[in-house]
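One letter stands for each residue in the lines below.
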Amino acid sequence: MTSNIKLATIIGFLFSLIGLNHLSAQTVWIDQLDLSTVTQGYGMPGKNKSVDGKVLTIGGKTFERGFGTHAESSLFILLNKKAIDFTAQVGIDDEVIGHEPAAEFVVYGDGRKLWSSGVMRLGDAAKLCSVPLAGVEKIELAVTDGGNGNYYDHADWANAKFQAIDVNTFITTNPVASKPYILTPPPSAKPRINGASVFGVRPGSPFLFRVPATGVRPMSFSAAGLPSGLKIDSKTGIITGKLSKAGTSIVTLVAKNAEGKSEKKLRIVCGSQIALTPPMGWNSWNCFAGEVSAEKVRRAAEAMVKSGLINHGWNYINIDDYWQNNRDSKDQTLRGMFRDKAGNIVPNSRFGNMKVLADYVHGLGLKIGIYSSPGPWTCGGCAGSYGHEKQDAQSYAKWGFDYLKYDWCSYGGVINGMPDNDPHKVSSLSFQGGDNLPIAVKPYKLMGEYLRQQPRDIVYSLCQYGMSDVWTWGGSIGGNSWRTTNDITDAWASVRNIVLAQDKAAAWAKPGNWNDPDMLVIGTVGWGDPHPSRLKPDEQYLHFSLWCLFSAPLLIGCDMEKFDDFTLNLLTNDEVIAIDQDPLGKEATCVQSIGDLRIYVKELEDGSHAVGFCNFGLETVDLSYKDFDKLGITGQQMVRDLWRQKNIGSINTSNDELKLKVPVHGVLLYKFISKK
Ligand code: GLA
């Protein structure tokens, strides 16, 4: 017998042992499969291409075939025990030259780790992955972030292929359900006043509060007990005016229509603190990025009204980067003087007169936000506030802005004595000094002081990605919210990693001071390349529920003119929003984990508890729950499903069990209301 025949005999014998008795190995290339089921941290899966659509290239070597992806990435393939082996050449794609990616390639078979590449970096030669698969039902090809975040982790499974007994049975799959489903019941025709029940304002600042109410129109509004200096427009429900003295007033808001009447108490607290509940609104970055314009902002404001979101308490329209002139852009609409002769910041020609825009947005009963950096340049290379902080705060106030997002960006260059640094290099400079407390605090304290000197209330949103444990000092320098992490993307791994990093900051959340895990990645997002959020429906329910449990600022990052029913439904559940807007201002933490089920509990002002049963795993969680004491919930309780707005029933926490069925990457958001 030749050695080949011997080998075939041995393999044949092995296959006969596992029930595959005909040996006719065929090849299935990974690019022959449907890759649309891939979950990945950025971009779209590349067939025979990198994630940026280029030729697959690892360590200087090109490959014709394979799968280009981005950490964190996961591809499940059902093999039906028909595979013999899997082979590939794996590595980081050369297209990210100039960055510092690190990623690990891992192959799982039926949940067991079968092979791992170890951490791979840019320039490493491709590693051979060769995994025997006899008897394996399901394989997962995963790429993890290598321990330093998933920035620029462009990962290639080059020459990826299976030897198989039957090539026709391989199916790619994804355990997370992909069909959108609606949970929030439609609002009643009768009036219902929604939104926050407390509102903070400083003495002497212009007051603007629009009563958010659902129900058929026409509707008329009134407010009993309004302190002097304030008045309500009975047609629009907009309360305006000015309070001269500090103090608290309890006002009864009333909304009436042909179907009935609704009343709600609003506590108006005139004092030093604003943003007594987390800001709710929209921000231009995640949808328009560098393409934002006054026209788009105006249309976003109109969409917030037309879509009815305004009736659920959504009220900020925030302009992010690119309203200023840009240092390098070839786009003429972004070219022009950064500041006038007196040093005042000059908006770019897409924006022109900022006051006109602010007045328009205010006229709709909404508020408006703006963006800058303490460095000389914003993250996108537009003019920042460095050296002009006072003037900029004055400009924002003069134009009528109500909110400032202040983004670290090029400030690292200032620290390093390079205030004129190249905005393209800011990413590598941006963190330098950010971990040194006095240095990190200084620019935020400065702008905080100037904002407070303005004759209007400007919510101060710090954006420095959580450096120097910003939650421990952000409130003391006048910050109303602070980003706790780096930028979110519409990828499950991004949302999951942000969620897992929140608990450490939770104790610092309180009225006026909010941890900000970044914007909502739901609806049509895309940073200038619009696409539906790649989060699956259950992941979006989980994302929104957790942001509410966290008392996070709720900032919609999608194009509001492109709302689909699912997204609109997700954003208009008043019982869920009420968890975010609860006046006690506590932030939920994970108080118990059962396998991949993480249970988050938030204490509410009325003594009840909001509980999120969050499934981070890849199997449905099906269990009878009874550890209520671990959640701090005791006695007789009414359990209410907040997404469905339905009581589930009354339970005695010492004897009863609660049946839970939580979908993969999904949530059950319940309220436990104590029955006295
Ligand atoms: C940073 C911020 C983003 C956005 C961009 C604008 O990345 O974290 O939220 O503001 O800058 O350039």
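Computed from a predicted structure; not experimentally measured.

Draft legend 1. Broad picture of the layout of surface pockets. For the second largest pocket, the calculated volume is near 660 Å³. Lining the second largest pocket are 35 residues, and of these Phe199, Leu208, Asn315, Tyr316 and Lys367 sit closest to its centre. Listing elements by their share of the lining of the second largest pocket, those giving two or more residues are strand E15 (198-201), strand E16 (206-210) and strand E20 (238-242). Per-element tally for the lining of the second largest pocket: the top contributor is E16, with five residues. In terms of residue class, the lining of the second largest pocket is built from 21 nonpolar, nine polar and five charged. Formed jointly, the lining of the second largest pocket draws a minimum of three residues from each of two domains, domain 2 (192-270) and domain 3 (280-585).

Draft legend 2. Broad picture of the site of the ligand. In the neighbourhood of the ligand, 13 residues make up the surrounding shell, with Asp320, Asp321, Lys405, Asp407 and Asp487 lying closest. Residue Arg483 places a side-chain N or O atom 3.1 Å away from an oxygen atom belonging to the ligand. Separating an oxygen atom of the ligand from a side-chain N or O atom of Asp487 is a distance of 2.5 Å. Along the lines of polarity and charge, the residues of the shell around the ligand split into six nonpolar, one polar and six charged.

Draft legend 3. A look at the nonpolar core. One finds Trp314, Trp323, Phe544, Leu546, Trp547, Ile556 and Met560 to be the most contacted residues of the largest nonpolar core, which totals 101 residues. Here this core spans two domains, since at least three of its residues come from each of domain 3 (280-585) and domain 4 (590-674). Counting 34 residues, the second largest nonpolar core, distinct from the first, contains Leu35, Ala103, Met120 and Val143.

Draft legend 4. Seen up close, the confidence of the model for the chain. Of all residues in the chain, 94% have pLDDT values of 70 or greater, and the mean over the chain is 93. In the model, residues 422-430 has pLDDT below 50 throughout and makes 20 contacts with residues more than four positions away in sequence or in other chains.

Draft legend 5. Structural context of empty space enclosed by the protein. Using the criterion set out here, one finds two cavities of 30 Å³ or more in the structure. Lining the largest cavity are Asn283, Asn318, Tyr403, Lys405, Ser461, Arg483, Asp516, Asp518, Met519 and Leu555. Tallied by class, residues from the lining of the largest cavity come to three nonpolar, three polar and four charged. Here the second largest cavity is characterised by a volume of approximately 30 Å³. Looking at the second largest cavity, the residues that line it are Arg202, Gly448, Leu451, Arg452, Ile458, Tyr460, Gly478 and Asn480.

Draft legend 6. The arrangement of the pairing of strand E23 (residues 280-283) in detail. Residues of E23 alternate between two faces, with Met280 and Trp282 on one and Gly281 and Asn283 on the opposite face, all of them buried. Note: E23 against strand E32 (residues 554-556), three bridges, orientation parallel. Bridge pairing in E32 places Met280 opposite Leu554. Sheet topology note: the E23/strand E24 (residues 316-318) ladder contains three bridges and is parallel. Within E24, the residue paired with Gly281 across the bridge is Tyr316.

Draft legend 7. Representation of the sheet that holds strand E21 (residues 247-257) within the structure. With mixed pairing, the four strands of this open sheet are ordered in space as E15-E22-E21-E18. Either end of the sheet is taken by a strand with one partner, and the two such strands are E15 and strand E18 (220-224). On average, each strand axis in the sheet is tilted by 30° relative to the strand beside it, whichever way the strands run. Bridge count between E21 and strand E22 (residues 260-270): 11 bridges; the pairing is antiparallel. Bridging from a neighbouring strand, Val254 pairs with Glu263 of E22.

Draft legend 8. Fine view of the sheet that holds strand E40 (residues 667-674). Here we have six strands laid out as an open sheet, ordered E33-E34-E35-E40-E37-E38, and antiparallel in their pairing. Each edge of the open sheet carries a strand with a single partner, namely strand E33 (589-594) and strand E38 (646-652). The sheet shows a mean angle of 25° between the axes of neighbouring strands, taken without regard to direction.

Draft legend 9. Spotlight on the domain arrangement of the chain. Segmentation of the chain into domains returns domain 1 (2-173), domain 2 (192-270), domain 3 (280-585) and domain 4 (590-674). The straight-line distance from the C-alpha centre of domain 1 to that of domain 2 is 59 Å.

Draft legend 10. Main features of the state of the cysteines. Per the counting criterion, the structure on display carries one disulfide. A sulfur-sulfur separation of 2.0 Å characterises the disulfide bridge that pairs Cys379 with Cys409. Between Cys379 and Cys409, the S-S dihedral sits near -95°, and the bridge is therefore left-handed. Residue Cys379 is found in the loop between strand E25 (367-372) and helix H5 (389-399), and its partner Cys409 is found in the loop between strand E26 (403-407) and helix H6 (411-415); the two are separated by 30 residues along the sequence. A residue is classified by how much of its surface remains accessible, and Cys379, at 36% relative accessible area, is partly exposed. Taking relative accessible area as the criterion, Cys409 reaches 1% and is therefore assigned buried. Unpaired in terms of disulfides, Cys382 finds its nearest cysteine sulfur in Cys409, a separation of 9.7 Å.

Conventions adopted
Residues numbered from 1 in each chain as written. Predicted model: local features only at pLDDT ≥ 70, side-chain atom pairs only at ≥ 80, totals over all residues. Heavy atoms only, no water. 1 Å grid on protein atoms, 1.4 Å probe; cavity = no way out; pocket = protein on both sides within 12 Å on 5 of 7 lines; lining within 4 Å. Points joined across faces, edges and corners; volume = space filled by probe spheres on them. Helix = DSSP H or I, 4+ residues; strand = E, 2+ residues; numbered from the N terminus. Nonpolar A, V, L, I, M, F, W, Y, C, P; charged D, E, K, R; others polar. Domains from an automatic or database assignment. Near = heavy atom within 4 Å. Polar contact = N/O pair within 3.5 Å; in protein donor to acceptor, adjacent residues only side chain to side chain. Core = buried A, V, L, I, M, F, W, Y, C linked by side-chain atoms within 4.5 Å. Buried < 20%, exposed > 50% of the residue type's maximum accessible area, 1.4 Å probe, protein only. pLDDT = per-residue confidence, 0-100. Contact = heavy atoms within 4.5 Å. Pairing = 2+ DSSP bridges. Axes fitted to C-alpha atoms, helices over the stretch in contact; angles between N-to-C directions. Disulfide = S-S within 2.5 Å.

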